[in-house]
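# Close look at the chain arrangement
What follows is the residue order along each chain.
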Amino acid sequence: MLKKRFAQHLLVGSRILQKLTCFAEIKPEEVVVEIGPGTGNLTKYLLKTPLKKLYLIEIDPEMIEHLKKIIKDERVVFIKADATKFDFPSLKESNLKLIGNLPYNVASLIIENTVFYKDFIPYAFYMVQKEVAERLINEKSWLSIFVKTFYEIEYLMSIPARFFIPPPKVVSAFIKLKRKDFKDIFDPKEYKNFLTKIFAQKRKMLKHKLSEFSLKEVGISGEKRVEELELKDFLSLYLSFQKLK
Ligand code: SAH
């Protein structure tokens, strides 16, 4: 009864589940959120750690019913919700550690939503497609810059398809997002709009997308293209853009 539309690929194998849990270094009294717990394979390992509370966010009502039957632990809170839109501040917790074997069809949206709520989320550990992990780390896209502005991304390990039931068509990767100590005040929604705007039509020179004032102020040639910019350039351009508003 696994559902394709929810990208349900369950992780199996105690050693791998143990290893993923270890990476998260869950300390006593930490509040953890698992995204897409499914049948609870990873959940059982998370509950062996000294965490204070574990929120389970799962979209599939049948999975939630199943989880409620098999998990009897007072630290667990079951939430039937869509993690791509979940409002983390509604949990009324300030420091959340997120972990999940993500549904790959919406993994980027879940990562984006994590960044929107960065103020509440110092750490996230996500299983994603290896290719998605590599693109986030090595390529320049609005999403990779959006994530890297606020988080350091670490590639923890690759996981072959045979560790999943049913096996996905792709190799997977477990990544860690660690929030940076970042002081500038950014409205993530507005910053996202700014980034998507300058990443649209990648081949176009910056002078056609940004004001001459901003480019001069930041000292970047308008003849450059978006892919030639460094992370720090995006930050300075955005700050200058904000001033102009
Ligand atoms: N963590 C489990 C299952 C991973 S499969 C394991 O490792 O075995 C991905 C899970 O995410 C499925 O349970 C699926 O129902 C759930 N899911 C899919 N889309 C979701 C969404 N938008 N929000 C929350 N959960 C979702």
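Computed from a predicted model, the values in this text were never measured in an experiment.

Calculation rules
Residues numbered from 1 in each chain as written. Predicted model: local features only at pLDDT ≥ 70, side-chain atom pairs only at ≥ 80, totals over all residues. Heavy atoms only, no water. Helix = DSSP H or I, 4+ residues; strand = E, 2+ residues; numbered from the N terminus. Buried < 20%, exposed > 50% of the residue type's maximum accessible area, 1.4 Å probe, protein only. Contact = heavy atoms within 4.5 Å. Areas by Shrake-Rupley, 256 points an atom, 1.4 Å probe, with all protein chains shown as cover. Salt bridge = Lys/Arg side-chain N within 4 Å of Asp/Glu carboxyl O. Pairing = 2+ DSSP bridges. Axes fitted to C-alpha atoms, helices over the stretch in contact; angles between N-to-C directions. Domains from an automatic or database assignment. Buried area = accessible area lost by both parts, 1.4 Å probe. Polar contact = N/O pair within 3.5 Å; in protein donor to acceptor, adjacent residues only side chain to side chain.

## A look at the overall build of the chain
Looking only at helices and strands, one finds nine helices and nine strands in the chain. In terms of overall dimensions, the chain has C-alpha extents of about 60 × 40 × 30 Å along its principal axes. Counting only residues that meet the buried cut, the chain has 49% of its 245 residues in that class. At a minimum sequence separation of 6, the contacts of the chain that also span at least 24 residues come to 65%. Summed over all atoms, the accessible surface of the chain reaches about 12,500 Å², with 54% contributed by carbon and sulfur.

## Details of the pattern of salt bridges
As enumerated under the stated definition, the model contains 16 salt bridges in all. For Glu 93, the salt bridge goes to Lys 53, with nearest N and O atoms at 3.6 Å. Here Glu 93 is found in the loop between β4 (76-80) and β5 (96-101), whereas its partner Lys 53 is found in strand β3 (residues 53-58), with 40 residues between them in sequence. Look at Glu 93 and you get buried, because its relative accessible area is 15%.

## Digging into the sheet that holds β5
Strand pairs in the sheet, formed through backbone hydrogen bonds, run parallel or antiparallel to each other. Across the sheet, which stays open at both edges, the seven strands sit in the order β4-β3-β2-β5-β6-β9-β7 with mixed pairing between neighbours. In this open sheet, the two strands that pair with only one neighbour each are β4 and β7 (151-159). Each strand axis lies, on average, 20° off the axis of its neighbour in the sheet, ignoring direction. Looking at chain direction, strand β2 (residues 31-35) and β5 are connected through four bridges and run parallel. Across the sheet, residue Val 31 finds its bridge partner in β5, namely Leu 96.

## Let's talk about the domain arrangement of the chain
If you check the domain split of the chain, you get domain 1 (4-179) and domain 2 (188-244). Just the C-alpha atoms count here: the centres of domain 1 and domain 2 sit 32 Å apart. In this assembly, eleven residues from domain 1 lie in contact with 15 residues from domain 2. Three residues stand out in domain 1 for area buried against domain 2, namely Phe 116, Lys 140 and Trp 142, and they jointly supply 52% of the buried area on that side. There are one salt bridge connecting domain 1 and domain 2. The partner of Lys 192 in a salt bridge is Glu 112, with the nearest N and O atoms 2.9 Å apart. Along the contact surface separating domain 1 from domain 2 lie five residue pairs in polar contact (both at pLDDT 80 or more). Mapped by element, the contributors of at least two residues to the side of domain 1 that touches domain 2 are α4 (107-116) and α6 (142-150). It is α6 that contributes the most residues to the side of domain 1 that touches domain 2, six residues altogether.

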